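# Geometric and topological summary
Take a look at the letters that make up each chain.
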Amino acid sequence: MRHEHIETNSGLMIVLILLVISIGGLVEIVPLFYINETVEKVDGVRPYTPLEMRGRDIYVREGCYLCHSQQIRPFRDEWLRYGHYSLAAESQYDHPFQWGSKRTGPDLARVGGKYSNQWHVQHLKAPRSVVPQSIMPNYPWLLETELDYSDLASRMGALRATGVPYSLTQQEYDANVSRFGKVVADQLDISQAQDSLMKQAHEKDFDGIPGQITEMEALVAYLQVLGTMVDFTKYDEGYFTTFR
Amino acid sequence: MPGTATCKSITTRCLVGGCGLFYASAVFAVLYWFIYPSWPVGDTWIKGFGTVNYAVTDKASGKEEEREYRWNTRALLLEDLGDATNDPQRKEMLAKVQAASYDQIVKDPKMMEFVRSVGKGLFGDNCAACHGRGGQGVVGMYPNLTDDDWLWGGGMDQIHETLVQGRRGFMPAFGAVLKPDQLDDVAEYVLTLSGETQPSAASERGQAIFQGQVGGCYYCHGADAKGLQSQGAANLTDKIWAIADVPAQKSVQDKKAAIKNFVAKGVNNTRIMPAWKDRLSPTDIKLIAVYVHQLGGAQ
């Protein structure tokens, strides 16, 4: 077939362009699923607890990702400002991941532990009361809305279907115990989800309102765990370069 | 169609006539595959023969060592961070600050200049969200770091310790311990401490509560009410208020009410200064400590 024939036949051209792009995409993306080093070997990364998982849902619902990325790229300025670059391993249980590239506000990949719970509550309620120049919207309803945790089983079940190791069977639970330890395994067990959500909320009281579980509780629990699972002091500076 | 004709002639020229650039880029692509990581092969990929050299501190030996690694963006970052040509002054100054004692830093104008410029950025990224851009704080929530009233101490070592381990403000709530009129009296007494009001019968009753077993305020604030920095207990004799917003109140009644409300509520789990030892490097902490120290009011 002569090239002019393709160039003068736009229907055919579209089909062929799609074909070429698909091949390019497949060649770039598919191997990541079976290349051993895609997800770095690192200790500490676990799926979110039910409370954190609900916080993540609220993060997505409120569209926080429209202004905040969660991926620190391996560049000098980002390293200096945000800390260690993000690892693929750190978002292995994120479905969908929140990497993003839109940064109206700062990257949040390592915001966990940076501020106190009180600060987050105050900042989400009224950002300008703590950061006068802020253009972030107010989210006052988070503190006024009770968290709905009636459907944890289906939410965790959906994530389980994508490969997140929330446990349904005794066998899966045992596997989690040996992989993450008993405390975490209990939190990942779908049958205990409501109890562990209430327990975590009660112990940590992220929203500062004892005895009440608001949407703020879940969101702050989620923000406070971001980027804190891996202890980077355990690894040699060069270790993570070996995976790329 | 004229357009078709142009298309045709370009295509013909390129594919048949031989177009230098076209073939050059094809050759370049093939070279690129070999130099840089590219094609997947089984469960691994062609790593390329490009390399990056970088200096890192070896975890096991603690020594700085030069390493060579195959080209990738993470190795490039390490190279970039260690590369002195990038920002020679910064690297040199960081090493100098790292080695110097606090006294030496404060006495050296060049190092202080560096502290002010780098410290401003570090403070902006990590502290400003709570303490404000200039360190002026928010009354009741985040202490002012520019005045000479310090809860935990304004000496360099104390600021350093505050940063490394974090701080948690705690004062018991007296709302259930003291009766409303006792709270009134003790608030009256607290106001006399900084000369806001003159002693009266009420303030004397308050003094007895403050200095006695009933209130036990002296236990943390000291018998002279000058505070106890090891507890983070505020100095009540200066006119500077970190939490009870006395200066904003116009009448004595309102000032008293501000103190009374605070003493009734106390502080528990609401005023937390995060620990920075796991987030910031020792050198960064040092830089910020000096930066905070020079904001004003340092001791």
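Residues numbered from 1 in each chain as written. Chains lettered and ligands numbered in written order. Predicted model: local features only at pLDDT ≥ 70, side-chain atom pairs only at ≥ 80, totals over all residues. Heavy atoms only, no water.

As named in an unreviewed UniProt entry, chain A is Cytochrome-c oxidase, cbb3-type subunit II, taken from Candidatus Competibacter phosphatis.

## A word on the overall build of chain A
The helix and strand tally for chain A stands at 11 helices and zero strands. Taken from N to C terminus, the helices and strands of chain A fall in the order α-α-α-α-α-α-α-α-α-α-α. If one aligns the C-alpha atoms of chain A with their principal axes, the spans along those axes are about 75 × 50 × 40 Å. Among the 244 residues that make up chain A, the fraction classed as buried is 47%. Counted over contacts in chain A with a minimum sequence separation of 6, partners at least 24 positions apart contribute 71%. (Helix = DSSP H or I, 4+ residues; strand = E, 2+ residues; numbered from the N terminus. Buried < 20%, exposed > 50% of the residue type's maximum accessible area, 1.4 Å probe, protein only. Contact = heavy atoms within 4.5 Å.)

## Considering the side chain of Asp189(A)
All names here are of chain A. Residue position: Asp-189 is located in the loop between α9 (182-187) and α10 (193-204). Despite its burial, Asp-189 pairs with no opposite charge; the closest candidate is Arg-160, at 8.7 Å N-O. For Asp-189, the side chain forms a polar contact with the side chain of Ser-167, separated by 2.8 Å. A distance of 2.9 Å separates a polar atom in the side chain of Asp-189 from a polar atom in the side chain of Ser-191. Excluding residues that lie within four positions of it along the chain, Asp-189 makes contacts with Met-156, Ser-167 and Tyr-173. (Lys, Arg positive; Asp, Glu negative; His and termini not counted. Salt bridge = Lys/Arg side-chain N within 4 Å of Asp/Glu carboxyl O. Polar contact = N/O pair within 3.5 Å; in protein donor to acceptor, adjacent residues only side chain to side chain.)

## Section: the domain arrangement of chain A
Parsing chain A into structural domains produces domain 1 (2-38) and domain 2 (50-241). Computed over C-alpha atoms, the centres of domain 1 of chain A and domain 2 of chain A are 37 Å apart. (Domains from an automatic or database assignment.)

## Some remarks on the UniProt feature "domain: Cytochrome c" (unreviewed entry) in chain A
UniProt records the feature "domain: Cytochrome c" (unreviewed entry) at residues 50-160 of chain A, using the numbering of this structure. The span residues 50-160 of chain A is 37% helix and 0% strand, and its two end C-alpha atoms sit 13 Å from each other. (UniProt positions renumbered as here; feature names shortened; annotations may be inferred.)

## Re the packing of aromatic side chains
By the definition in use, this model includes 18 aromatic pairs over all chains. Aromatic side chains Tyr235(A) and Phe240(A) sit 5.3 Å apart centroid to centroid with 55 degrees between the ring planes, which places their arrangement in the tilted category. Accessibility expressed as a relative area gives 15% for Tyr235(A), which makes it buried. Among the residues examined, Phe240(A) registers a relative accessible area of 1% and is labelled buried. Aromatic pair Phe28(B) and Tyr32(B): ring centres 6.0 Å apart, planes at 55 degrees, arrangement tilted. (Phe/Tyr/Trp six-rings, centres within 6.5 Å; stacked < 30°, edge-to-face > 60°.)

## A short note on the interface of chain A and chain B
The partner chain B presents 44 residues to the 45 residues of chain A that form the contact. Here chain A meets chain B over a buried area of about 3800 Å², counting both sides, of which 55% is carbon and sulfur. Of all residues in chain A, the largest losses of buried area upon contact with chain B belong to Arg76(A), Lys114(A) and Arg244(A), amounting jointly to 18% of the total for that side. The interface formed by chain A and chain B includes four salt bridges. Arg81(A) is the partner of Asp125(B) in a salt bridge, and the nearest nitrogen-oxygen pair spans 3.5 Å. At the level of secondary structure, the elements contributing two or more residues to the side of chain A that touches chain B comprise α1 (3-7), α2 (10-34), α4 (76-82) and α5 (117-125) of chain A. (Buried area = accessible area lost by both parts, 1.4 Å probe.)

## Focus on the domain arrangement of chain B
In terms of domain boundaries, chain B breaks down into domain 1 (51-86), domain 2 (89-166 + 275-295) and domain 3 (169-273). Placing a centre on the C-alpha atoms of domain 1 of chain B and another on those of domain 2 of chain B gives a separation of 28 Å.

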